[in-house]
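Residue-level structural notes
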Amino acid sequence: MNCGKAVAVLGDQMFFLLVKSRTICRRLPGTAPVLSRSQHTAAERDSPGGSDTAEKPRLRAIDLARKIRQEKAKTRSETRTQDRDPPVSGSQQRVTELKRFTAQLQNVHPNVLAKHLHRTLLYRDKDVVILNKPYGVPVREESGVTTVTSVLPVLCKMLDGLKTKTDTELLPCLGLEKDSSGALLLARSEAVLEHILSLSRSNQVERKYWVITVGVPVPSEGLIDIPIIEREVTGPKPHFKMTLSPLFRMNEAGDGMTKVRSHRQAHAAATKYRVLDSSYGCSLVELQPLTGVKHQMRVHMAYALACPILGDHKYSHWSKLAPQKLPDRVLKKLGLEQSKSRYLPLHLHARQLALPGRSQSDVAVSCPMPKYFIKTLNRLQLTFPEDKNDE
């Protein structure tokens, strides 16, 4: 009897609570309906993004496109800001400039290089074309790299007109090293190429280079006439370098020279030089090679005059492969630390080119210096003549 009364009382209480909860729901129209645990889970599963995304408005395609454009614009703005912001120190800024410069024309699209060469055209006629070759671009074919030779067909069409069919070609005559810049001579036919090579062998093609050297040559003007030979450098990293193979040596008494037998693999090499200016232990030197041996000017300056070219990391040491070691005063003027000297480019520029014309007056061209060369001259306070060509 007591148990029956208790069950009846409990049932009345449950009914009262249920009625009360329904009343509250009616009084609060914004209140979500009460769901059981299984019903709540099913609702979350059926909703695309759960209970949170169900309350958000659906994103339209036009809104999504607008959001993507805004994010791209923000990324470009941040990139420009980072490029404008200077590095922490002057030396870091200088290193950043050199890194950016040495990579500016590496692995570019052939059409980009062809347009650049077309803009820097120095001279053209029916026989020859002279270009201003940029630093870091090889002339001959090289695997995986855009070269001058590879873009010559495109450049030829640019010179003759893109809509004009042409059978002419451009052929490199007197090449330049990859890490040098300046006047590059091209022939427009095989016959012209053979003629120029004949002029070069008879020393009728005049080429003058400007270099910045670490050290001051003594005497300030002269002729280096020392044969050059290629030898292997032994050590942890064996490699080959060009070096001197002199025909004379000091006698035992030390008061004269004795002629020695020349090596059969040595190449005759002669280079005229003239110091144009010197400051802070560096010099601006004009070089005129009378022969065409591989790395001739670099070897003569480094090993014959003990004044290596600035940025010549190969011939600044004989027994090892290492970045060029520079005096402290030079590093200070250049705004570099010794550990960052490896980023210095080779300062060797083909400044002037002259050759006799076949059917008209002689050809003579003076090539403007690249910006990095001029900037180094300014930092070292070296002056040069004919600055009107380099404005």
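Relevant structure appears above.
Since the model is a prediction, treat every value here as computed from it, not as a measurement. For every chain, the first residue of the written sequence is number 1, and numbering continues from 1 along that sequence. This being a predicted model, a pLDDT of at least 70 is required before a residue's local features are given, and a value of 80 or more before pairs of side-chain atoms are given or counted; all residues contribute to the totals for chains, interfaces and linings. Only heavy atoms go into the side-chain values, all of them from the structure, while hydrogens and water stay out.

1. Topic: the packing of aromatic side chains
- Each Phe, Tyr or Trp ring (for Trp, its six-membered ring) is paired with any other whose centre lies within 6.5 Å, and the angle between the two planes then decides the class: stacked below 30 degrees, edge-to-face above 60, tilted in between. As enumerated under the stated definition, the model contains five aromatic pairs in all.
- The structure contains a cluster of three or more aromatic residues connected by ring pairs, namely Y135, Y372 and F373.
- Note on criteria: charge over ring means Lys NZ or Arg CZ within 6 Å of the ring centre, with the direction from the centre no more than 35 degrees off the ring normal. The cationic tip of R351 hangs over the ring face of W210; the distance from NZ or CZ to the ring centre is 4.4 Å.

2. Here we look at the pairing of strand β12 (residues 282-289)
- Think of it in three bands: residues with accessible area under 20% of the maximum for their type are buried, residues over 50% are exposed, and the middle band is partly exposed, with areas taken using a 1.4 Å probe on protein chains only. Under the DSSP-based scheme used, a helix requires at least four consecutive residues in state H or I and a strand at least two consecutive residues in state E, with every element numbered from the N terminus. A large share of β12 lies buried, amounting to eight of its eight residues.
- Burial of β12 is two-sided: the residues C282, L284, E286 and Q288 facing one way and the residues S283, V285, L287 and P289 facing the other way are all buried.
- Two strands pair under a simple rule: DSSP has to find at least two bridges between them. Bridging between strand β5 (residues 206-214) and β12 involves six bridges; their strand directions are antiparallel. Counted as the bridge partner of I212 is L284 from β12.
- As paired strands, strand β11 (residues 270-279) and β12 are joined by eight bridges and run antiparallel to one another. Note on β12: the bridge partner recorded for D277 is L284.
- From the end of β11 to the start of β12, which pair antiparallel, there are two residues, and Y280 there has a positive phi angle of about 55 degrees.

3. A look at the pairing of strand β7 (residues 228-233)
- Relative to strand β8 (residues 239-244), β7 runs antiparallel, the two sharing six bridges. Along β8, the bridge assignment pairs I229 with T243.
- Count of turn residues in the β7/β8 antiparallel hairpin: five residues, of which G235 carries a positive phi of about 150 degrees.

4. Notes on the nonpolar core
- If you look at the biggest cluster of nonpolar residues, it comprises 34 residues, and the most contacted ones within it are L170 and L287.
- Counting residues per element, this core draws most heavily on helix α7 (residues 148-160), which supplies seven residues.
- Excluding anything up to four places from it in sequence, L170 contacts V129, L152, L155, C156, L159, L186, A187 and R188. Residues belong to one nonpolar core when they are buried, are Ala, Val, Leu, Ile, Met, Phe, Trp, Tyr or Cys, and are joined through side-chain atoms within 4.5 Å. Residue contacts are defined here by distance: any two heavy atoms, one from each residue, within 4.5 Å place the two residues in contact.

5. Here's the deal with α7
- The first and last C-alpha atoms of α7 sit 18 Å apart over 13 residues, in line with the 18 Å expected at 1.5 Å per residue.
- Bend angle per residue: angle between axes fitted to the 7 residues ending at that residue and the 7 residues starting there. Most pronounced at V154, the bend in α7 amounts to some 35 degrees.
- Every buried residue of α7 is accounted for by V148, V151, L152, L155, C156, M158 and L159.
- Buried residues belonging to α7 abut α6 (110-119), β1 (121-124), β2 (128-133), β3 (171-174) and β4 (181-187).
- At the C-terminal side of α7, G161 shows a positive phi close to 105 degrees. Here, expected helix span is obtained from the residue count minus one, scaled by 1.5 Å.

6. Observations concerning the pattern of salt bridges
- A side-chain nitrogen of Lys or Arg and a carboxyl oxygen of Asp or Glu constitute a salt bridge if their distance falls within 4 Å. If you walk through the whole model with that rule in mind, you get six salt bridges.
- D127 serves as the salt-bridge partner of K126, at 3.4 Å between the closest nitrogen and oxygen.
- Given a relative accessible area of 11%, D127 falls into the buried group.
- Between D160 and R188 there is a salt bridge, and its shortest N-O distance comes to 3.1 Å. One end of the pair, D160, is in helix α7; the other, R188, is in the loop between β4 and α8 (190-201), with 28 residues separating them in the sequence.
- You can call D160 partly exposed: its relative accessible area is 24%.
- Classification of R188 by relative accessible area gives buried; the value is 10%.
- Put simply, E177, R298 and D312 are held in one network by salt bridges that share partners.

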